[in-house]
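Report on the structure
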Amino acid sequence: MKIVYLKEVDSTNDFAKKLIDNGDEAIIIAERQSKGKGRLGRIWISEEGGLYFTIILKGDPEFINFLSAVSVVETLRQYNINSGIKFPNDICVDEKKLCGVLIEIYKGYVILGIGINVNNDIKIERAVSLKSLGYDINKFELLFKFLKIFFENMKKDKEKILETYKKYSITINRPVKILLPNKIIYGKVVDIDYSGIMLDIGNKIINIPAGDVIHLR
Ligand code: BTN
């Protein structure tokens, strides 16, 4: 697969769509994004030093979603960094966000966008970068380690990846508040699978496919 390296772009995910329109598949990496996109319509601040990349893929988006989070955690473990997955796919160190994943579906392709705070300065309290944690890591080395792990993991079956995802989950067994477009739900997360969170709301267990999860304790 070819690699496209850009000094600056609006969003590597949007650039991926242009490549798909031209019939190309690639991995796109940018030093900076002027319009980096996050989940739920948020912006992803993408200043110099961070790792911002997108992979154009074919496959099951739910599987790719969990697989990407598991692969980031496993990549960090190669540097002896312990991280965990906050549902659906935020990678956190000590409850603070280090990495985010944005998956989009376009013309039958899965656009997997990943942003990792590597050497960028962090200005918000609830986020960290590898630099702010005291690590000095080459982001391209990190990327290539990730790609190796990710494509190896892609050969594994869905059950195996789910099992590993749950092992690294920091959301399972936690009391949470989930913000949905029109309501807020409180409960305890009793399980997670490809259909989403299984939430115990006191009198029953309900399934929440997606949303903004806030850990309460
Ligand atoms: C989130 O946690 O809200 C998801 C953040 C995803 C950011 C990455 S950076 C590379 C790719 N291009 C984008 O515009 N967003 C994703």
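Summarised in this report is the structure supplied together with it. None of the values given here were measured: they were computed from a predicted structure. (Residues numbered from 1 in each chain as written. Predicted model: local features only at pLDDT ≥ 70, side-chain atom pairs only at ≥ 80, totals over all residues. Heavy atoms only, no water.)

In this structure, the amide linkage connecting Phe87 to the following residue, Pro88, adopts the cis form with an omega of 0 degrees. The phi dihedral of Asn173 falls on the positive side, at around 70 degrees, and the residue is not glycine. Note on placement: Asn173 falls in the loop between α4 (158-168) and β8 (175-179). (Helix = DSSP H or I, 4+ residues; strand = E, 2+ residues; numbered from the N terminus.)

Here we come to the pattern of salt bridges. If you walk through the whole model with that rule in mind, you get 20 salt bridges. Two residues, Asp14 and Lys37, come together in a salt bridge whose shortest N-O distance is 2.7 Å. Residue Asp14 is found in helix α1 (residues 12-21), and its partner Lys37 is found in the loop between β2 (26-33) and β3 (51-57); the two are separated by 23 residues along the sequence. Residue class for Lys37 comes out partly exposed when judged on its relative accessible area of 28%. A salt bridge links Asp90 to Lys97, with the nearest nitrogen and oxygen atoms 3.0 Å apart. According to the relative accessible area criterion, Asp90 is buried, its value standing at 8%. (Salt bridge = Lys/Arg side-chain N within 4 Å of Asp/Glu carboxyl O. Buried < 20%, exposed > 50% of the residue type's maximum accessible area, 1.4 Å probe, protein only.)

A few words on the state of the cysteines. The full count for this structure, using the stated rule, is zero disulfides. With no disulfide partner, Cys92 has as its closest neighbouring cysteine sulfur the one in Cys99, 9.2 Å distant. For Cys92, a relative accessible area of 4% puts it in the buried group. (Disulfide = S-S within 2.5 Å.)

Because side chains alternate across strand β5 (residues 90-93), one face comprises the buried residues Asp90 and Cys92, and the other comprises Ile91 and Val93, equally buried. With three bridges joining them, strand β4 (residues 84-86) and β5 adopt antiparallel strand pairing. Counterpart to Gly84 in the pairing with β5 is Cys92. The turn linking β4 back onto β5 is made up of three residues. Judged from the three bridges that link them, β5 and strand β6 (residues 96-106) form a sheet pairing that is antiparallel. For Cys92, the partnering residue across the bridge sits in β6 and is Lys97. (Pairing = 2+ DSSP bridges.)

Relative orientation of the contacting elements helix α2 (residues 61-77) and helix α3 (residues 139-153) amounts to 135 degrees, with a least axis distance of 9 Å. Judged on the interaxial angle alone, α3 and α2 are oblique. You can see that α2 and α3 cross each other, and the crossing is right-handed. On the side of α2, the interface is formed by Phe63, Ile64, Leu67, Ser68, Val70, Ser71, Val72, Glu74, Thr75 and Leu76, while α3 contributes Leu142, Lys145, Phe146, Ile149, Phe150 and Asn153. Looking at the contact of α2 with α3, its residues break down into ten nonpolar, four polar and two charged. (Axes fitted to C-alpha atoms, helices over the stretch in contact; angles between N-to-C directions. Parallel < 35°, antiparallel > 145°, perpendicular 65-115°, else oblique. Left-handed = near helix turned anticlockwise from the far one by under 90°. Contact = heavy atoms within 4.5 Å. Nonpolar A, V, L, I, M, F, W, Y, C, P; charged D, E, K, R; others polar.)

All right, on to the site of the ligand then. Neighbouring the ligand are 19 residues, the closest being Ser11, Gln33, Lys37, Arg39 and Lys97. Within the backbone of Lys37, a nitrogen or oxygen atom sits 2.7 Å from an oxygen atom of the ligand. If the ligand stood free it would expose 420 Å²; the protein chains cover 98% of that surface. Here the shell around the ligand gets four residues from one element, more than from any other, and that element is β6. Taken together, the residues of the shell around the ligand sort by class into five nonpolar, ten polar and four charged. (Near = heavy atom within 4 Å. Polar contact = N/O pair within 3.5 Å; in protein donor to acceptor, adjacent residues only side chain to side chain. Areas by Shrake-Rupley, 256 points an atom, 1.4 Å probe, with all protein chains shown as cover.)

By size, the foremost hydrophobic cluster in this structure holds 52 residues, and its most contacted members are Phe53, Ile55, Ile116, Leu142 and Ile197. Tallying contributions element by element places α2 first for this core, with nine residues. Taken domain by domain, this core gets at least three of its residues from each of domain 1 (2-168) and domain 2 (175-215). With residues near it in sequence (within four places) discarded, Ile116 still touches Gly50, Leu51, Phe53, Val72, Leu98, Cys99 and Leu142. (Core = buried A, V, L, I, M, F, W, Y, C linked by side-chain atoms within 4.5 Å. Domains from an automatic or database assignment.)

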